[in-house]
Structures are given as structure tokens and as C-alpha cells.
Amino acid sequence: MKKLLSLFTAFSMAAIAIHGFTPARASAASYTVGSYTLTYTVSGTTAAVTDCSGSGTSLEIPETIGSYTVTSVSSNAFAELSGLTDVTIPDSVVSIGEYSFWNCAALTSVSIGSGTAEIGSYAFSACPRLASISVSSSNSTYTSVSGMLYSKDETSLICYAGGNTAVLPENTLTIGKAAFFGNTTLESVTLPSSLTSIGDYAFSGCFTLGKISIPISVTSIGKGCFMSCTSLTQAVLGAGLDEIPEECFSSCTALETLNIPTSIEAIGDSAFYGCHKITGLYIPSTVLSLGEYSIGIRYNIRSGKNEPISGFYISGDTGSAAEKYARSNGIDFLDFSSIPYGDTDGSGNVDAIDASMVLAEYARTATSGASEFTFYQTTVSDFNGDSIIDAVDASLILSYYAKNAVSGG
């Protein structure tokens with residue numbers, strides 16, 4: 001966890017403030033461009049920008065420094081330049097290193113030249129105001145689609161740039177690693193039915209994202225995919241998935257509504273770690289393995305230990321992997337085959353009190369109020385099995401009670 005959470009920690013920048021052009025030598029040298037001072041190293045006839053300091057807004061990276069051609073932007077080179085609003089990367093640059101523009105809080109636009117053939121992971125991550133990335137039409141590796149960075153064939157999203165509502169085009173097949181990482185303004189995203197995979201940490205740290213619905217076309221999602229999306233309340237997982245990988249929804253502390261499709265065979269370590277708003281979950285017998293702390297576990301700061309979430313239930317089939325996981329972690333388990341439907345108050349009897357409670361719950365939720373039922377109550381109150389608690393369930397419970405009261409059953 002510490003290693004992953006460190007992705008949200010800013011990198012230290014050791015800027016070298018030496019003004020003017022200095023002839024190339026074995027060690028790093030500096031070059032001034034407007035309000036910025038670039039630090040660079042040379043190899044043969046080429047130069048790599050390794051660091052930058054300054055307080056300007058716009059920056060155009062030069063194609064040449066002295067007699068050297070600038071061919072690369074090194075990892076972390078422009079990270080955390082808080083005032084940088086727009087940057088132009090010249091045609092001469094072949095590679096842009098990982099984390100190169102990480103956490104540039106004011107960055108709104110990026111222009112990429114024709115020569116760039118490699119862009120490292122997290123290159124433009126944690127830049128919440130990034131509105132557009134343009135790419136030269138002559139670039140053979142990348143292109144821009146509605147201001148977003150895509151592969152040249154327009155099937156893979158490399159990095160999202162845009163407003164708080166993202167709608168991906170229908171021909172998108174993949175979302176790359178960390179494509180939305182650290183976008184703290186993203187509120188909603190619509191994924192196309194063409195999508196087949198979502199990369200590692202793709203939406204991690206999108207603190208304002210409220211809901212996610214993964215289409216059935218998606219067959220794989222990466223580890224940490226939605227990690228620390230702290231406003232995420234609902235996740236709808238498509239039936240094309242066979243695994244929920246490690247730390248996928250870890251620390252999604254607002255997540256309340258979740259489904260586990262019968263296509264899922266494995267739930268990875270810490271997949272839903274710390275998701276304390278989930279009061280319970282039905283895990284089908286098709287799930288054959290649940291990793292360490294995969295669900296129903298949170299860290300108790302008072303005891304300094306990982307502990308079961310208070311009141312959390314797992315429902316499933318006797319003898320299933322879900323039961324084994326629940327028993328071994330001290331989590332309450334509800335045998336799906338023997339659920340006492342209708343016994344909302346847990347008294348051991350189905351009566352008018354249960355029907356009244358169900359009707360009151362329906363009245364609350366039908367008027368946009370928050371549910372007051374626990375997972376157990378929601379499960380046993382769904383008398384007709386349609387996954388909705390409403391007046392129909394209350395009526396059926398009342399009829400069941402009346403029938404038994406008359407017959408003495």
C-alpha cells in the first residue's frame with residue numbers, strides 16, 4: 001500500500017538556476033528559455049532535458065541547444081512546475097519520460113511535435129486543468145482526438161484531457177495505464193460499448209468521480225484501476241469481466257452500491273479494502289478465490305490493526321469461497337440458500353411489523369431519501385427477488401403473514 005500511495009506524493013525537484021548558455025560538458029549544463037532555465041545533458045550530438053526551474057507560464061522547448069539537437073525529455077524533468085500553463089514539445093523530441101510533467105497544477109494545454117514516438121507512464125498525470133493535448137498530424141505514433149491523446153489508429157486512449165465530463169468515442173478499444181490518473185476535477189465518464197480493457201491505475205485518484213459503469217465488452221481492468229476515488233458511490237461491473245484485480249477499488253470510502261457478476265472468478269488482494277460504506281455483498285459461487293483483505297476489511301487507527309467492517313455481511317452459498325473467506329476473517333456470513341425472506345426485523349417471525357418496515361424504507365428511497373436498511377435487511381426484504389425494495393415486497397410479506405396467521409403456520 002505504501003508504495004502505491006506514494007504515487008500521490010509530489011516528487012522533489014532539484015532545480016539548478018544557472019543563467020545563460022553553458023557549453024556542453026560531461027556533467028549537466030543549463031540553458032535559459034524565457035522565464036525558465038532548462039538543465040540538460042548531452043550524448044554525442046543530442047541533448048536530453050533533465051530538469052527545469054522558473055516561474056513563467058508558457059514554455060516552448062527548443063529544438064536545439066547550441067549545436068545539440070534536443071531529442072528527449074527525461075523523467076520528472078518538468079514535474080511540479082506550478083505556474084506552467086502551456087508547453088510546446090518540438091518535432092525533434094523522440095521520447096518523453098515518465099512523470100515528466102507530473103503534478104503541473106496549472107497546465108492546460110500541451111502541443112506534441114511530429115517526432116515523439118514514446119511517452120512514459122504518468123507523463124501528464126495529476127494535471128487537473130489539462131484541457132487539450134494537440135499532436136502534429138505528421139506524428140506516426142500518436143494523435144489527438146477531441147483534445148485527448150490517443151494512439152495513431154485512434155483506438156487507445158493514452159491520456160485524457162478535457163472537462164469534468166468525459167465521453168469517449170465509440171471506436172476506443174483500450175484505456176491505457178494511468179490515462180485519467182489524478183484528475184481531481186473529473187465527475188463523470190461514459191465508456192463506449194467498443195471498449196475491451198482498462199489499464200492499471202487508469203482512474204486512480206479521481207477524487208470527484210461519482211459513478212462508473214463498465215460495459216459488458218470490457219474483459220479486463222487493471223490493478224488499482226479506481227483506487228482512492230473517494231467520491232465514487234456506485235460501481236456497475238459488466239459481465240465480461242472474470243477478475244477484479246488487486247486494489248482495484250481500494251480506499252473508495254464512499255462506495256455503497258456494487259455488484260459482483262457471475263462471470264467473476266477471482267477477487268484480488270485488497271480489491272475493496274477500506275470501502276466501509278458497503279454494508280454487505282452477495283458473492284456468487286462462481287468466485288473461486290478472494291485475496292487477502294479483498295473486501296469487508298478496513299484499518300482501525302485506534303487499534304492499529306486491519307479489522308472487519310462493523311455490520312458488514314457477505315451472503316453466498318454454503319461451502320463457497322465466499323463463506324471460507326468470511327469465516328476466516330471474522331465477517332458475518334448469510335447462507336444464500338436459507339435466507340429468511342420477509343423477516344426484516346430479525347425477530348424470527350414474518351409479520352406485519354416487517355411489512356411496515358419495508359413500506360417505510362420504500363417511502364424513503366422513492367422520494368430520494370437515503371436507505372436506512374442494513375445489507376441483511378435489504379437482502380431479506382427482497383421478497384420477490386427482483387433486487388428492488390418496494391411496496392410489492394411489503395404487500396407480499398403482509399399476505400404471507402396473513403396466510404400463516406389464518407392457517408396457524
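Refer to the preceding data block for the structure.
Residues numbered from 1 in each chain as written. Predicted model: local features only at pLDDT ≥ 70, side-chain atom pairs only at ≥ 80, totals over all residues. Heavy atoms only, no water.

Engineer: Could you clarify how one ought to interpret the pattern of salt bridges in this entry?
Structural biologist: Per the stated rule, a full pass over the model turns up three salt bridges. Glu 323 is paired through a salt bridge with Arg 327; the nearest N and O atoms lie 3.2 Å apart. Here Glu 323 pairs with Arg 327, and both are found in helix H2 (residues 321–328), just four residues apart, close to one helical turn. Owing to a relative accessible area of 15%, Glu 323 belongs among the buried residues under this scheme. Given the relative accessible area of 53%, Arg 327 is considered exposed. Here Arg 364 makes a salt bridge to Glu 361, at a shortest N to O gap of 2.7 Å. Here the residue Arg 364 and the residue Glu 361 both occupy positions in helix H3 (residues 352–366), the gap between them amounting to three residues, near one helical turn. Judged by relative accessible area, Arg 364 falls into the partly exposed class, the value being 22%. Here the salt bridges share partners, and the residues they tie into one network are Glu 361, Arg 364 and Glu 372. (Salt bridge = Lys/Arg side-chain N within 4 Å of Asp/Glu carboxyl O. Helix = DSSP H or I, 4+ residues; strand = E, 2+ residues; numbered from the N terminus. Buried < 20%, exposed > 50% of the residue type's maximum accessible area, 1.4 Å probe, protein only.)

Engineer: How should I be thinking about H3 in this particular structure?
Structural biologist: Every α-helical turn comprises 3.6 residues, leaving residues that sit three or four positions apart pointing alike. With 15 residues, H3 should reach 21 Å at 1.5 Å per residue; the first-to-last C-alpha distance of 21 Å fits that figure. Elements that come into contact with the buried residues of H3 comprise helix H4 (375–381) and helix H5 (391–407). Backbone nitrogen of Ile 353 and a side-chain oxygen of the N-cap are separated by 3.1 Å at the start of H3; the cap is Asp 351. Once H3 finishes, Ser 368 follows within two positions and takes phi at roughly 70 degrees, a positive value. (Expected span 1.5 Å × (residues − 1). Contact = heavy atoms within 4.5 Å. Polar contact = N/O pair within 3.5 Å; in protein donor to acceptor, adjacent residues only side chain to side chain.)

Engineer: I keep staring at the packing of H3 against H5 and nothing clicks. Help me out?
Structural biologist: To characterise two packed helices, one gives the angle between the axes of the helices and the distance between these axes. In the contact formed by H3 and H5, the axes pass within 8 Å of each other and the chain directions differ by 175 degrees. By the angle between their axes, H3 is roughly antiparallel relative to H5. In contact with Ala 352, Asp 354, Ala 355, Val 358, Leu 359 and Tyr 362 of H3, H5 contributes Ala 391, Asp 393, Ala 394, Ile 397, Leu 398 and Tyr 401. Its residues placed into classes, the contact of H3 with H5 shows ten nonpolar, no polar and two charged. (Axes fitted to C-alpha atoms, helices over the stretch in contact; angles between N-to-C directions. Parallel < 35°, antiparallel > 145°, perpendicular 65-115°, else oblique. Nonpolar A, V, L, I, M, F, W, Y, C, P; charged D, E, K, R; others polar.)

Engineer: I would appreciate a short explanation of a negative patch on the surface in the present structure.
Structural biologist: On the surface, a cluster of negative charge is contributed by Asp 242, Glu 243, Glu 246, Glu 265, Asp 269 and Glu 292. Mapping Asp 269 onto the fold places it in the loop between strand S24 (266–267) and strand S25 (280–282). (Patch = residues over 30% accessible without salt bridge, like charges linked within 9 Å, V, L, I, M, F, W, Y side chains within 5 Å. Areas by Shrake-Rupley, 256 points an atom, 1.4 Å probe, with all protein chains shown as cover. Lys, Arg positive; Asp, Glu negative; His and termini not counted. Charge placed at Lys NZ, Arg CZ, Asp CG, Glu CD.)

Engineer: Sorry, what's going on with a nonpolar patch on the surface here?
Structural biologist: Taken together, the side chains of Tyr 282, Phe 336 and Tyr 341 make up a nonpolar region of the molecular surface, amounting to roughly 240 Å² of accessible area. For Tyr 341, the location among the structural elements is in the loop between strand S30 (332–335) and H3. For Tyr 341, a relative accessible area of 31% gives the class partly exposed.

Engineer: Would you take a moment to explain the side chain of Ser 156 for this structure?
Structural biologist: Assignment of secondary structure puts Ser 156 in strand S14 (residues 156–159). A residue is classified by how much of its surface remains accessible, and Ser 156, at 15% relative accessible area, is buried. Separated by 2.8 Å, the side chains of Ser 156 and Thr 174 make a polar contact. Setting aside residues up to four positions removed in sequence, Ser 156 forms contacts with Leu 149, Tyr 150, Ser 151 and Thr 174.

Engineer: Where do I start with the pairing of S30 in this structure?
Structural biologist: Remember that side chains alternate between the two faces of the sheet whenever the strand is regular. As paired strands, strand S29 (residues 313–316) and S30 are joined by four bridges and run parallel to one another. In the sheet register, Tyr 313 faces S30, and the bridge partner there is Asp 332. A crossover links S29 with its parallel partner S30, the connecting element being H2, and its sense is right-handed. (Pairing = 2+ DSSP bridges. Right-handed = clockwise from strand over helix to strand, strands pointing away.)

Engineer: Help me understand the nonpolar core in this model?
Structural biologist: Nonpolar side chains in soluble globular proteins generally cluster together in the buried interior. Core analysis: the largest hydrophobic core is formed by 58 residues, its most contacted members being Ile 175, Phe 180, Phe 203, Phe 249 and Phe 272. Put simply, the parts of the chain that give this core at least two residues each are strand S13 (148–151) and H2. Tallying contributions element by element places H2 first for this core, with three residues. Look past the residues within four positions of Ile 175 in its chain and what remains in contact with it is Leu 157, Leu 168, Phe 180, Leu 191, Leu 195, Ser 197, Ile 198, Gly 199, Ala 202 and Phe 203. Counting 38 residues, the second largest nonpolar core, distinct from the first, contains Val 33, Tyr 36, Tyr 40 and Ile 61. (Core = buried A, V, L, I, M, F, W, Y, C linked by side-chain atoms within 4.5 Å.)

Engineer: Just to check I follow, could you spell out the environment of Leu 84 for this structure?
Structural biologist: Tracing the chain through its elements places Leu 84 in the loop between strand S6 (68–73) and strand S7 (86–89). The buried category is assigned to Leu 84, whose relative accessible area is 0%. Taking C-alpha positions, Leu 84 is 28 Å from Ser 231, a pair spaced 147 residues apart along the chain. Setting aside residues up to four positions removed in sequence, Leu 84 forms contacts with Tyr 36, Gly 56, Thr 57, Ser 58, Leu 59, Phe 101, Ala 106 and Leu 107.

Engineer: Help me understand the environment of Thr 39, please; the structure alone is not making it clear to me.
Structural biologist: With respect to the helices and strands, the residue Thr 39 is situated in strand S2 (residues 36–43). The buried category is assigned to Thr 39, whose relative accessible area is 3%. Residues Thr 39 and Ala 402, 363 residues apart in the sequence, show an inter-C-alpha distance of 83 Å.

Geometric descriptors of this kind do not, in isolation, establish any biological role.
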